[in-house]
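In case you want the letters, here they are:
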Amino acid sequence: MADVTAPAPIAPAARAPKAHPFRDVLVKRLGFGILTLFIVSILVFAATQVLPGNAASAALQNTATPARLHALEIQMHLNRSAVAQYWSWLTGLLHGNFGTSIVNNASVSSLIGGRVLNTAVLMLLAGVIGTVIGVVLGMLAAARRDSWFDHGLSVIALAVTALPEFVVAMALVTFFAALVWHILPAVSVYPPGVSPWSIPSLLVLPVATLVIVIVPYTFRMMRAAMIDALESDYVEMAKLKGMSRWRVLAVHALPNAIAPTIQVIGLNFLYLAGGVVVVEYVFNYPGLGQALVNAVSDRDIPVIQFIVLLLAAFYVVVNIATDLISLAATPRRRLPRS
Amino acid sequence: MDLSRRDFVKTAAAGSLALGASGLLSACGINARTVADVVHRVPGARKRGGTLRAAITGGSSADTLDPLSAVSNADFSRVNNLYEPLLGLTPDAQPMFVLADELTPNATATEWTLRLKSGITFHNGKPLTADDVIYTFRTVLNPKAPAAAAAGLASIDAAAMTKLDPLTVRIPCKTPFATLLQALAIPTYSDIIPAGYNPAAPVGTGPFKLQSFTPGTQSTFVRYDGYWQTGLPYLDEVVITDYSDATSQVNALLAGEVDVVNLLSADVIAVVESQGKNILISKGGGWNPFTMRVDVAPFNDRRVRQAMRLVVDRPQMLEILFGGHGTIGNDVFGIWASDYDHSLPQRHQDIDQAKSLLKAAGHEGLAVQLVSSDIGQGTIQAAEVLAQQASAAGIKINVSQVTVTDFFGTSYLKWVFAQDYWYFNFYLPQVSLATLPTSPFNECHFDNPAYDSLYQQAIATIDESKRQELAYEMQKIDYTDGGYIIPFFPPVIDGYGANVNGLIPSKGGLSLNAYDFKQLWLS
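**Q** When you look at unusual backbone geometry in this model, what are you seeing that I'm missing?
**A** Where the residue is not glycine, phi is negative for most of them; where a peptide bond is considered, it is trans in most cases. Residues and elements named next belong to chain B. In this structure, the amide linkage connecting Leu232 to the following residue, Pro233, adopts the cis form with an omega of -5°. Cis geometry marks the peptide bond from Ala297 to Pro298; its omega dihedral reads 0°. Here Pro298 shows up in the loop between β14 (290–292) and α8 (302–310). In this structure, Thr188 is a non-glycine residue whose phi angle is positive, near 70°. Along the chain, Thr188 turns up in the loop between α5 (180–184) and β9 (208–214). Thr188 sits in the buried class, given 23 other C-beta atoms within 10 Å. Its identity is not glycine, yet Leu512 carries a phi of approximately 50°, on the positive side.

**Q** Quick question: what am I supposed to make of the interface of chain B and chain A here?
**A** Tallying the contact residues gives 38 residues for chain B and 41 residues for chain A. For the side of chain B that touches chain A, the secondary structure elements donating two or more residues are β11 (237–243), α6 (246–254) and α12 (404–407) of chain B.

**Q** What's the story with the packing of helix α9 (residues 165–178) of chain A against helix α12 (residues 245–283) of chain A in this structure? I'm lost.
**A** Each pair of packed helices gets described by two things: the angle between the helix axes and the distance between those axes. All names here are of chain A. Between α9 and α12, whose axes approach to 9 Å, the crossing angle comes to 30°. The chirality of how α9 crosses α12 is right-handed. Listed contacts from α12 to Glu165, Phe166, Ala169 and Met170 of α9 are Gly275, Val278, Val279 and Val282. For the contact of α9 with α12, the residue count by class is six nonpolar, one polar and one charged.

**Q** Hey, could you run me through the pairing of strand β17 (residues 396–401) of chain B in this one?
**A** Both faces of the sheet carry side chains from a regular strand, because those side chains alternate between them. All names here are of chain B. Here six bridges tie strand β16 (residues 367–372) to β17, and the two strands are oriented parallel to one another. Among the inter-strand pairings, Val368 is bridged to a residue of β17, identified as Ile397. Handedness of the β16-helix α11 (residues 379–391)-β17 crossover: right-handed.

**Q** Please explain the sheet that holds strand β5 (residues 100–105) of chain B as it appears in this structure.
**A** All names here are of chain B. Strand order in the open sheet formed by four strands is β5-β6-β8-β7, and the pairing between neighbours is antiparallel. Taken across any chain shown, the strands that pair with only one partner, and hence form the sheet edges, are β5 and β7 (162–165). Shown here is a sheet whose adjacent strand axes are inclined to one another by a mean of 25°, direction ignored. Sheet analysis places β5 next to strand β6 (residues 111–116), joined by five bridges and oriented antiparallel.

**Q** Is there a simple way to think about the sheet that holds strand β13 (residues 278–282) of chain B in this case?
**A** The pairing of strands in a sheet happens through backbone hydrogen bonds and is either parallel or antiparallel. All names here are of chain B. The sheet built from seven strands is open, its strands ordered β9-β10-β11-β2-β12-β21-β13 with mixed pairing. The open sheet has two free edges, formed respectively by β9 and β13, since each of these has just one partner strand. Relative to β11, strand β10 (residues 218–223) runs antiparallel, the two sharing five bridges. Opposite Val222, over in β11, you have Glu237 as the bridge partner.

**Q** I would appreciate a short explanation of α11 of chain B in the present structure.
**A** It helps to recall that an α-helix has 3.6 residues per turn; residues three or four apart then point in one direction. Residues and elements named next belong to chain B. The end-to-end C-alpha distance of α11 is 19 Å, a good match for the 18 Å that 13 residues give at a rise of 1.5 Å each. Those residues of α11 that sit buried are Thr379, Ala382, Ala383, Val385, Leu386, Gln389 and Ala390. Taken around the axis of α11, the buried residues stretch over an arc of 165°, which confines them to a single face.

How each quantity is defined
Residues numbered from 1 in each chain as written. Chains lettered and ligands numbered in written order. Predicted model: local features only at pLDDT ≥ 70, side-chain atom pairs only at ≥ 80, totals over all residues. Helix = DSSP H or I, 4+ residues; strand = E, 2+ residues; numbered from the N terminus. Buried ≥ 20, exposed ≤ 12 C-beta atoms within 10 Å, placed from the backbone. Contact = placed C-beta atoms within 7 Å. Axes fitted to C-alpha atoms, helices over the stretch in contact; angles between N-to-C directions. Left-handed = near helix turned anticlockwise from the far one by under 90°. Nonpolar A, V, L, I, M, F, W, Y, C, P; charged D, E, K, R; others polar. Pairing = 2+ DSSP bridges. Right-handed = clockwise from strand over helix to strand, strands pointing away. Expected span 1.5 Å × (residues − 1). Arc of directions from axis to C-beta.

Shape descriptors only; they carry no functional weight alone.
Structural data, given as structure tokens:
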């Protein structure tokens, strides 16, 4: 028992320089994150200025006469300088005002609020379900390494990673909604103001598409990490101690395999932020991706700014969260470097 | 005279429409068809009630309920049910009185007298009167914020319009405007809004009134019980949902989640029909031309323009783009108008002549850039097919594809060689928009003094047959000198469920009975 208590005095000594790894990482990364968002906002605004045409010409299309364009540009306040437009947007933002859509004069928060929720539900459901399935399948495949089950899953995973999400979506729609069976809705059209969970059947195919797209990555990482863990000395030790197979897997191998997998899970969530655009498009799902595509073709700068910043903020937050969770899952990284 | 629609299509397809349709509209336009002639064309007993679910592409967060700013198909699908025009189009694309009862010009076409039908009310119960008409025209033609229709109605002197009695309006024109009746019949151009119109609580005289509207997403309408056309509409409710993608639109139709979908591609006809759904194909009068600027090289040489027109294999283009549906074009617009000249020889592909014209013009091995965009049905494919066909004559067309917003951005109307899309319009009103030096959308920069003088004569000519002769002369110039290549008039292909009744093909170029849902019923 002596060797169990022996390291105890070492730990406080090693932490003597008052290391706060979580706080340090958080503060540093948050600072960089805010700077990133600021730069993104400038870049996006500059990009909207470089694009030919503006919200007025986009709205008028082939009915744009010089008189109509001029009148609409004044109505949309597009006759101000680019710097003035950016400045009024930025100061508004710092006062908690996300701006007003140039195109239909509604506040950006009222236009986009519901869509943020819709997209969040889609991403969260797909992310959580995809992660659980990927981790469990990865564990099982590693536990039965080189069995038909393992080989079959690996081949399927490899094949699915080669499929773009719209192919997966179209295949699901063809089989379950439009042509073969008519058992699920082919499109996910929610009446405005209706929350996504009030009609769960509409979520099935979009979520399934995203799950199918992300599971292979989690699965393959989890399988590899798990195989590493299973080959380690401590697992060998646990087996020799006569622990049950599942206890070895769940208690000894899993916590060590999860750390590298967390990075992949984080990447999956980041991918989802972009992947939803295609899925929302195919299913006509009223989310952020669809709103962004619309806003870009309408040249609705405040809406573009808001959505891009929101997505950028999501990237920053997921990156920080991924690092913090990996830190939590890897105790030795919390020790100060000597 | 009455011409059944089927006969009409046959005659038109044979390219010998002759004067068949022109009888519909007399010199003074008093005989323009009335609504009653075209309602109830489809046999069978009607069933009342139900909700029609429409999946419509073309919308965005810029969607509007204001008929004076309507641009997209999604806009038209809403405003054509909320509001009504003074004049509209019959399914054969001829002018038809709707809110107007009579429209008569004076001898010099400088003043028109409009009489409204009586007993028509807006959704708020207010009766339709001359004041609403005057208010609408003054709003449309407001010099500070002109509406979409302003370009086509510019010679109306809105400030001088006067009310003669509660249902009669005098419409003075700054310059002779013999084609006013035709110009007003173009979709949404004469939609009437009530005096003091409030866009936040929009009311019209249409068969459906607004219940809810979320731009870019969905809008719902319910039947207006006070609608003036007795017995209509049949439906209780209409739900219009914006779709951004044609594939999801078709999926929704196949899965039975929507009842009608607009503007499909010819590729999906077979799959839609194999699943027990229906396809509605209309020979639309809209046109998607190639535009060549006649004021800059190489197209300032008319031999080059003629060569470009001669390299097009029109039937092949129609076959590739629309499975052979639609109508072959002859480089002249306004195909269903009574003053369209069907006697001009149909232009066919002639590579040898194209080559010799190019040689004579010193442009052998011509290389040009064509700016293309997904602005209308099949536009991008049309550009690719044209590039392919032109290569036979040694012409190298480099297709440069831009987004729709870029296309209509700062370079719109300035591209040297590009494309455009137009809805159906009558010949002379279309000229005023596109081919005169004063036209707001003169994308070819066409400027031909003989043509202009013919137009000035025509626009002051009340006698329809004389005006038609002048129009024919102008079309000869379009045909030999113009900057447009008009290879085809695209078909309008819509899909609908087996439960939907009352849809008939319409030549105006808009989908689904020109989005007029009052005659549809569900079984």
